[in-house]
Protein chains: 2
Amino acid sequence: MKDGKRMDVISRLSVGSDAKMVLLVLDGLGGLPHPETGLTELETASTPHLDQLAKDSICGLIHAVGPGITPGSGPGHLALFGYNPLEWDVGRGVLSAVGVGMELTPDDLAARVNFCTVENGVITDRRAGRISTEENARLCRKLSAIHIDGVEVEIRPEKEHRAALVFRGPRLSPHITDTDPQRAGLPPLQCQPLPDGGEDAVHTAELVNEYLRQAAEVLADEYPANMIITRGFSKMPDLPTLDRLYGLRAAAIATYPMYRALAKLVGMEVLETGPTISDQVECLEKNWERHDYFFIHYKYTDSRGEDGDFQAKVRCIEEVDAYVPRILALRPDVLVVTGDHSTPSLLKAHSWHPSPLIFHSRWERRDEVNSFGETACAGGGLGTFPAQNLMALMLASSLRLSKYGA
Amino acid sequence: MKDGKRMDVISRLSVGSDAKMVLLVLDGLGGLPHPETGLTELETASTPHLDQLAKDSICGLIHAVGPGITPGSGPGHLALFGYNPLEWDVGRGVLSAVGVGMELTPDDLAARVNFCTVENGVITDRRAGRISTEENARLCRKLSAIHIDGVEVEIRPEKEHRAALVFRGPRLSPHITDTDPQRAGLPPLQCQPLPDGGEDAVHTAELVNEYLRQAAEVLADEYPANMIITRGFSKMPDLPTLDRLYGLRAAAIATYPMYRALAKLVGMEVLETGPTISDQVECLEKNWERHDYFFIHYKYTDSRGEDGDFQAKVRCIEEVDAYVPRILALRPDVLVVTGDHSTPSLLKAHSWHPSPLIFHSRWERRDEVNSFGETACAGGGLGTFPAQNLMALMLASSLRLSKYGA
């Protein structure tokens, strides 16, 4: 069934309910077995509470985009929220801009920016020595003096060397190339229209090149951040919100800008929280009455996986495990624990392997799984299924979906 | 997801790699349990090397077309190569023509031919007593004298009573009926346009009937091969090649014309090999450096299944098992062992049952399966999945697919 059709059906069947749902995402949770023990990070971790939860639940594996396909964080989360990531595309530029709180109209064009170091015409550091966020803010103010006829430009700092750039005006096209060459030793690239981009893409590439020409002048006397490179030019996708689709009052408890941005794009209220899982659970407790769907995003499992630090990822999983009882004490009607994709320490990167999943609800069946791990979940009662079906299962188990057909 | 979209995405994500992949297909591998032992052919066979491989791998079951659907060899293999067999159709005529080395343009129309025996107007033997291939070649030369205005016709012998027929000219349509009635006791059928075939189908059916009228005259004094019947009229499908899609230098080690034809259609180089599995593995060893994807096709499991000879099929599986160590000695990055469909000896025919599969790669998880068999694989970590997803998994595990989305 086409995704639009599937979402329409589920949306049409939705009814009100007081049930509370929690989606706890351990970013990059899934892993690969350690060569010496044959156990993954999750299987190595001591997780008494997650094991007990798996025992009291039904388990399975999910893939966000499709078998063999490694999801980026955007597609990984869109799938968890019920959207087919192959039909809904959220660009890196939009995620950056929304992440720093910029409002985007459908006409605006956003890009992700890196401050970088250029010497003798070639990039020597794509991150300009990871300049401080304060230095970044100062340089963004300096760049705000740039003026280009017929278009309004705004640049805002993210953390360290990262910034978000937005062009506002008519005829802006996202069908243009990145100027970030993705590795040092090369000059910043010229922005070019993509083959099928048409007149608007030609026009937009000219604007971007003019902006970058002026940026080079403005930053000429700075060091190490004497240039910027851009990537992920994109416009706001027309995502239907979770409120509009299912009448959900959804909330996100996430600390990283990109995940807060993704949550905002699907209509979640982004709650204020401290940076630790303890802070996040406290935030959940405080806001329990005000929402009926909570997305909690824990970042560090992914970070330690990308570092290739198997043991550190194990400890991150154990850290989250300790907070499961406090979440359960709130008596959620549905609690799902899973990942948006796998990040095996052995690969030091996102991977295509499906994510283990616990689905806990009074209105679900049980299976034979009695510990939380990839191999155990492969034998779980939910089998291996597309992550985009998770939302319908959560809605169903909170008795929010009426019958289809007579 | 539509297959075209899925293939586009995977194609777009493809990157280069030196990794080597081997797909070992035991044709018709899957079976049904023997009534006395409760074990299938594969479960009955003594396969120490495949069992060890299953233990060191992740396992599952694949279906080529869909649950309950019995695949022909064409769809079965197209799925293994990553094509949705419901969207890509390769006709029997095309397979015959390509199998005997005929070059087809998109305008050409191909058919599979049987020499047959006609007595008193009805077919008494659909295979003309399985005439020799030499006799077949002599008759094909005789038929080459046939002339029809506005179209060029070529007929070439396959083995025994089989031949390939190609029409070359304008306005040829594959939307016409077979003239093979599929059983003895009936006259050869008239070729007719299919309901939605339009003018071109009417025109083409006339050409075919004229050809068959002349063929009857040419063969009138021959016996037992005094007529031909045709089926599977088809044109070349516009299959994107594995090279174009994924940059693969793929090679086929297959002995039967149809499988060599299928491999050629998807852009594989068809290697020269002797007829035994020993020859085929030797061919693999010799060509190891020149390619990065090897399709090895072993035919006899299917043949003995179709004979209904349970024990002979068991021995075929054991024969292949003995060569697994030599394949492993090449240290392939990915080794998959499976079938294109099942051929249970008890049914003496292809069947709809999913094929057992071993997926061996350093970059895959493990599961609890420790012997190679249908029941064991049903509990495998990959679950039961569409065969067309296998290619993406093989590409992913050879680190040939980059990340999807930001």
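Computed from a predicted structure; not experimentally measured.

Turning our attention to the sheet that holds strand β9 (residues 269–270) of chain A. All names here are of chain A. Pairing in this open sheet of 8 strands is mixed, and the strands run β9-β8-β10-β1-β11-β12-β2-β13 from one edge to the other. Edge strands, defined here as strands with exactly one partner in the open sheet, are β9 and β13 (384–386). Bridge count for strand β11 (residues 334–338) against strand β12 (residues 355–361) is 4 bridges, and the pairing is antiparallel. Bridged to Val-336 within β12 is Phe-359. Across the sheet, helix α15 (residues 390–397) touches β1 (21–26), β2 (58–63), β11 and β12, and the angle it forms with β11 is around 155°.

At an RMSD of 0.2 Å, chain A and chain B line up after a rotation of 124° and a shift of 0.6 Å along the axis. Given the turn and translation reported, the copies of this chain are related as if by a three-fold rotation axis. A distinct binding surface is used by each copy, with only 7% of the interface residues of chain A retained as interface residues in chain B.

Here we take up the domain arrangement of chain A. Residues and elements named next belong to chain A. You can read the domains of chain A as domain 1 (16–90 + 239–397) and domain 2 (94–234). On the domain 2 side, the residues contacting the 9 residues of domain 1 number 6 residues. Looking at the side of domain 1 that touches domain 2 element by element, the count peaks at 7 residues for helix α9 (residues 257–265). Of the residues assigned to the side of domain 1 that touches domain 2, the class counts are 6 nonpolar, 1 polar and 2 charged.

Residue and element names in this part refer to chain A. Look at helix α5 (residues 92–99) against α9: their axes get within 8 Å of each other, and the N-to-C directions meet at 95°. In this view, α5 runs roughly perpendicular relative to α9, as classed from their interaxial angle. Contacts from Leu-95, Val-98 and Gly-99 in α5 reach Pro-257, Met-258, Arg-260, Ala-261, Leu-262, Lys-264 and Leu-265 in α9. When grouped by side-chain class, the residues that make up the contact of α5 with α9 number 7 nonpolar, 1 polar and 2 charged.

This next bit is on the interface of chain A and chain B. The partner chain B presents 23 residues to the 29 residues of chain A that form the contact. Breaking the side of chain A that touches chain B down by element, the ones donating at least two residues are α4 (73–80), α5 and α14 (374–378) of chain A. The residue makeup of the side of chain A that touches chain B, split by class, is 12 nonpolar, 15 polar and 2 charged.

This part is about the pairing of strand β8 (residues 250–253) of chain B. Residue and element names in this part refer to chain B. On β8, burial covers both faces: Ala-250 and Ala-252 on one face and Ala-251 and Ile-253 on the other are all buried. As paired elements, β8 and strand β10 (residues 293–298) share 4 bridges and run parallel to each other. Residue pairing for β10: Ala-251 is matched across the bridge by Phe-294. Alignment of β8 against strand β9 (residues 269–270), held across 2 bridges, turns out to be parallel. Paired with Ala-252 across the bridge in β9 is Val-270.

Residue and element names in this part refer to chain B. For helix α5 (residues 92–99), a buried count of 8 out of 8 residues is recorded, marking the element as mostly surrounded by other parts of the structure. Turning to α5, its buried residues are Arg-92, Gly-93, Val-94, Leu-95, Ser-96, Ala-97, Val-98 and Gly-99. Buried-residue contacts for α5 involve α4 (73–80), β3 (109–119), β6 (162–168), β7 (227–234) and α9 (257–265). At the exit of α5 stands Gly-101, carrying a positive phi of roughly 85°.

Parameters at a glance
Residues numbered from 1 in each chain as written. Chains lettered and ligands numbered in written order. Predicted model: local features only at pLDDT ≥ 70, side-chain atom pairs only at ≥ 80, totals over all residues. Pairing = 2+ DSSP bridges. Helix = DSSP H or I, 4+ residues; strand = E, 2+ residues; numbered from the N terminus. Contact = placed C-beta atoms within 7 Å. Axes fitted to C-alpha atoms, helices over the stretch in contact; angles between N-to-C directions. Least-squares fit on C-alpha atoms with pLDDT ≥ 70 in both. Domains from an automatic or database assignment. Nonpolar A, V, L, I, M, F, W, Y, C, P; charged D, E, K, R; others polar. Parallel < 35°, antiparallel > 145°, perpendicular 65-115°, else oblique. Buried ≥ 20, exposed ≤ 12 C-beta atoms within 10 Å, placed from the backbone.

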